[in-house]
There are 6 protein chains.
Amino acid sequence: MTATRQPIEYADASAEVRSVYDDIMATRNTDWVNNYWKVLAHHPPSLRRMWENAKQVMAPGTLDPLTKELIYIAVSVTNGCGYCIASHTAAARNKGMSTDQYSELVAIIGLANETNRHAAALDLQIDAAFR
Amino acid sequence: MTATRQPIEYADASAEVRSVYDDIMATRNTDWVNNYWKVLAHHPPSLRRMWENAKQVMAPGTLDPLTKELIYIAVSVTNGCGYCIASHTAAARNKGMSTDQYSELVAIIGLANETNRHAAALDLQIDAAFR
Amino acid sequence: MTATRQPIEYADASAEVRSVYDDIMATRNTDWVNNYWKVLAHHPPSLRRMWENAKQVMAPGTLDPLTKELIYIAVSVTNGCGYCIASHTAAARNKGMSTDQYSELVAIIGLANETNRHAAALDLQIDAAFR
Amino acid sequence: MTATRQPIEYADASAEVRSVYDDIMATRNTDWVNNYWKVLAHHPPSLRRMWENAKQVMAPGTLDPLTKELIYIAVSVTNGCGYCIASHTAAARNKGMSTDQYSELVAIIGLANETNRHAAALDLQIDAAFR
Amino acid sequence: MTATRQPIEYADASAEVRSVYDDIMATRNTDWVNNYWKVLAHHPPSLRRMWENAKQVMAPGTLDPLTKELIYIAVSVTNGCGYCIASHTAAARNKGMSTDQYSELVAIIGLANETNRHAAALDLQIDAAFR
Amino acid sequence: MTATRQPIEYADASAEVRSVYDDIMATRNTDWVNNYWKVLAHHPPSLRRMWENAKQVMAPGTLDPLTKELIYIAVSVTNGCGYCIASHTAAARNKGMSTDQYSELVAIIGLANETNRHAAALDLQIDAAFR
């Protein structure tokens with residue numbers, strides 16, 4: 001599968017793939033595309049589908065863009081995904097995340113992973129007030 | 001271990017445990033304590049230690065209290081912890097989370113879990129720009 | 001799949017399945033078999049294979065039987081497996097685990113899950129001394 | 001533990017270890033053994049036990065060998081195991097997996113991880129029709 | 001969040017939601033919709049988006065529909081998602097999965113989870129032949 | 001975030017950070033501090049908090065220090081945390097873990113991860129005797 005894991009650069013991309021790259025760059029107001037999309041491009045239906053998902057889900061909504069990135073990082077750290085941590089930490093920083101905010105984020109992620117296991121170990125029953 | 005998984009009610013608690021319960025209720029401005037603490041109370045050093053952690057980490061800081069709860073939920077959903085999802089969803093609602101915010105949160109959590117796996121499957125190399 | 005998830009009782013079991021049940025009871029010095037084996041029994045090759053694995057791996061070795069159960073619980077809590085937590089907590093208790101030992105076990109499991117996520121978030125490089 | 005993580009080559013292996021290597025190569029019709037087995041070989045009982053498991057579970061049965069590899073990859077990607085993804089992707093390719101099949105596999109793995117989290121977040125009750 | 005976790009029945013659904021339900025039933029050739037969609041319906045953009053994803057990813061392609069369900073189950077079991085295991089096991093059975101195929105599937109999932117951890121513990125280096 | 005992921009050496013650390021480093025070295029009877037603490041030091045409240053947790057939880061108690069490390073490794077392997085596996089394997093070795101003990105530990109971790117998934121797949125009901 002080595003070949004299918006090489007990023008497809010814009011210059012080498014089909015028109016179909018280029019149109020997605022163009023939309024990614026326009027939406028993000030940047031002049032480059034990161035490896036996730038360039039490797040996914042080996043299967044254009046997946047490239048298009050995932051971009052439509054990301055564009056819809058990560059668009060500003062009732063949650064602001066920085067909060068959305070913090071949530072993304074929380075999941076990525078919990079799953080131990082190095083690539084995702086790197087890419088979404090960069091995105092969060094671009095959206096204004098401070099060093100102290102990052103430290104607090106990491107502290108919450110750690111604590112939640114700890115208490116999640118306590119809850120499993122102790123077989124906690126959900127309090128009536130939470131239902 | 002059945003006995004050690006029964007919540008210890010305030011009336012049955014030692015002075016040491018009551019002092020933690022008191023601080024939980026005072027800090028949260030409520031008149032009750034949820035099962036996590038009441039079961040952890042079978043081991044007072046753990047009860048005190050975890051409360052000190054939660055109090056410090058979840059206090060208002062450079063991230064606001066609602067954002068902290070959203071991050072907590074993101075971890076708890078990723079780990080599939082039913083108790084934690086219930087308790088922190090209640091906490092987030094108390095801090096103002098709307099129904100639409102919850103729906104957006106769930107969408108981001110799902111998407112992040114999806115792309116985390118894509119990143120693993122595709123053996124993505126971290127872009128130079130992210131370092 | 002409902003039917004294949006019903007435990008197969010000894011009275012209803014084939015000779016092949018009974019021979020495994022007999023060995024489980026003899027090895028454990030008990031007169032009953034728990035649901036894991038009774039449901040796995042719908043596929044005798046899996047029943048026999050898994051019992052041979054469990055018998056070999058959980059036998060006394062350079063680690064004592066109680067330590068082996070504590071390790072099993074640590075994995076099961078991290079994976080959030082309610083059945084496995086219940087069955088191996090019972091086994092550990094039968095092998096002498098005290099209430100305080102259980103509390104310490106839960107504390108370590110929680111802490112390890114916390115620092116595991118910190119390590120991912122902080123992209124820690126392994127110290128030369130650890131190699 | 002550095003020494004115990006070095007692969008044991010055939011030339012350096014004991015007769016007991018060689019007999020497992022021989023069976024691996026004969027069963028797979030190849031002339032080499034991959035690192036998983038060569039590192040596991042530091043503990044011959046584990047080497048023999050795991051090979052017996054793999055041989056039995058991955059043998060052609062009511063599921064064909066390629067389907068078995070796809071299932072293996074799905075688990076390995078979900079767990080983020082780089083070695084396992086690499087080795088079983090190679091095995092799947094040897095058994096005929098096409099590039100498009102791989103892309104579809106990755107899409108399903110991602111989607112399942114996404115909806116698994118939705119199900120947890122939404123506390124879904126199992127439909128009567130599924131029981 | 002209790003209210004937002006109640007399934008929205010067809011009779012109570014908006015035209016927008018009904019149109020998705022209609023497409024689900026038509027595509028699957030059934031006369032009912034399962035809880036996943038009926039709870040997701042509280043947020044119509046998520047309902048529509050997820051259905052478009054599922055429809056595209058699970059459609060017959062270079063992998064047949066039953067194989068796709070087996071992959072889905074492998075992920076769901078690894079994540080411990082009870083709802084997903086129930087729903088996709090039912091789907092797989094409807095697509096012809098036999099009892100023995102299910103047993104073999106479960107055996108592979110278990111083995112892969114086991115060796116995934118061995119690979120992590122042993123810090124396995126990827127063989128040159130796998131690259 | 002690159003800068004905040006660089007270890008802070010003793011010579012460059014503030015008095016507050018140095019006091020924690022000093023306590024780590026005194027408690028462990030060593031003359032160095034590993035990267036986990038040196039990276040966490042970018043956020044002194046987290047550094048102090050986590051050291052207090054680790055010091056309390058990993059202190060000798062009703063479980064001996066080596067057993068505590070084995071439990072830590074079991075969690076770290078299950079979560080696939082390379083840094084944590086390396087650091088706690090080194091710690092366990094320093095506390096007397098033999099090569100055979102390590103092999104047995106790895107075997108139990110693998111088996112538990114396997115049967116955890118079987119339990120989920122088979123929807124096992126907890127035996128009355130375990131309650």
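Everything quoted here is computed from the prediction, not taken from an experiment. (Residues numbered from 1 in each chain as written. Chains lettered and ligands numbered in written order. Predicted model: local features only at pLDDT ≥ 70, side-chain atom pairs only at ≥ 80, totals over all residues. Heavy atoms only, no water.)

**Focus: the interface of chain D and chain E**
Thinking step 1. The partner chain E presents 60 residues to the 59 residues of chain D that form the contact.
Thinking step 2. Summing both sides of the interface, chain D and chain E together bury roughly 5500 Å²; the carbon and sulfur share of this comes to 69%.
Thinking step 3. At the junction of chain D and chain E, the tally comes to four salt bridges.
Thinking step 4. When the shortest N-O distance is used, the salt bridge between E114 of chain E and R49 of chain D registers 3.6 Å.
Thinking step 5. For the side of chain D that touches chain E, the secondary-structure elements that each account for two or more residues are α2 (35–40), α3 (44–58), α4 (65–78), α5 (82–94) and α6 (99–121) of chain D. (Contact = heavy atoms within 4.5 Å. Buried area = accessible area lost by both parts, 1.4 Å probe. Salt bridge = Lys/Arg side-chain N within 4 Å of Asp/Glu carboxyl O. Helix = DSSP H or I, 4+ residues; strand = E, 2+ residues; numbered from the N terminus.)

**Regarding the nonpolar core**
Thinking step 1. W37 of chain C, W37 of chain D, W37 of chain E together with W37 of chain F are the most contacted members of the largest nonpolar core, which has 196 residues in total.
Thinking step 2. With sequence-adjacent residues up to four places away left out, W37 of chain F is seen in contact with Y21, I24, R28, L47, M50, W51 and A54 of chain F. (Core = buried A, V, L, I, M, F, W, Y, C linked by side-chain atoms within 4.5 Å. Buried < 20%, exposed > 50% of the residue type's maximum accessible area, 1.4 Å probe, protein only.)

**Structural notes on the packing of helix α1 (residues 15–28) of chain C against helix α3 (residues 44–58) of chain C**
Residues and elements named next belong to chain C.
Thinking step 1. The interhelical angle for the contact between α1 and α3, taken along N-to-C directions, is 20°, at an axis separation of 10 Å. If you check the angle between α1 and α3, you find them roughly parallel. Pair α1 / α3 crosses with left-handed handedness. Here α1 contributes E16, V17, S19, V20, Y21, D23, I24, T27 and R28 to the contact with α3, which in turn contributes P44, L47, R48, W51 and K55. (Axes fitted to C-alpha atoms, helices over the stretch in contact; angles between N-to-C directions. Parallel < 35°, antiparallel > 145°, perpendicular 65-115°, else oblique. Left-handed = near helix turned anticlockwise from the far one by under 90°.)

**With respect to the relation of the copies chain A and chain B**
Thinking step 1. Once chain A has been moved 0.0 Å along the axis and rotated by 180°, it coincides with chain B to within an RMSD of 0.0 Å. Expressed as an axis order, the relation between the two copies is that of a two-fold axis.
Thinking step 2. Both copies share a contact surface, since 100% of the interface residues of chain A are interface residues in chain B too. (Least-squares fit on C-alpha atoms with pLDDT ≥ 70 in both.)

**Some details on the side chain of N53 of chain A**
Thinking step 1. Inspection of the secondary structure puts N53 of chain A in helix α3 (residues 44–58).
Thinking step 2. On the basis of relative accessible area, N53 of chain A is assigned to the buried category, the value being 2%.
Thinking step 3. A distance of 2.9 Å separates polar atoms of two side chains, one belonging to N53 of chain A and the other to N53 of chain E.
Thinking step 4. Setting aside residues no more than four positions away along its own chain, N53 of chain A makes contact with L111 of chain B together with R49 and N53 of chain E. (Polar contact = N/O pair within 3.5 Å; in protein donor to acceptor, adjacent residues only side chain to side chain.)

**As for the interface of chain A and chain B**
Thinking step 1. Across the contact, 59 residues belong to chain A and 59 residues belong to chain B.
Thinking step 2. Note on chain A versus chain B: buried area summed over both sides is about 5500 Å², and carbon and sulfur give 69% of it.
Thinking step 3. For the pair chain A and chain B, the number of links is 28 residue pairs in polar contact (both at pLDDT 80 or more).
Thinking step 4. Mapped onto the side of chain A that touches chain B, the elements with two or more residues apiece are α2 (35–40), α3, α4 (65–78), α5 (82–94) and α6 (99–121) of chain A.
Thinking step 5. No other element matches the 17 residues that α6 of chain A contributes to the side of chain A that touches chain B.
Thinking step 6. Split by residue class, the side of chain A that touches chain B holds 33 nonpolar, 17 polar and nine charged. (Nonpolar A, V, L, I, M, F, W, Y, C, P; charged D, E, K, R; others polar.)

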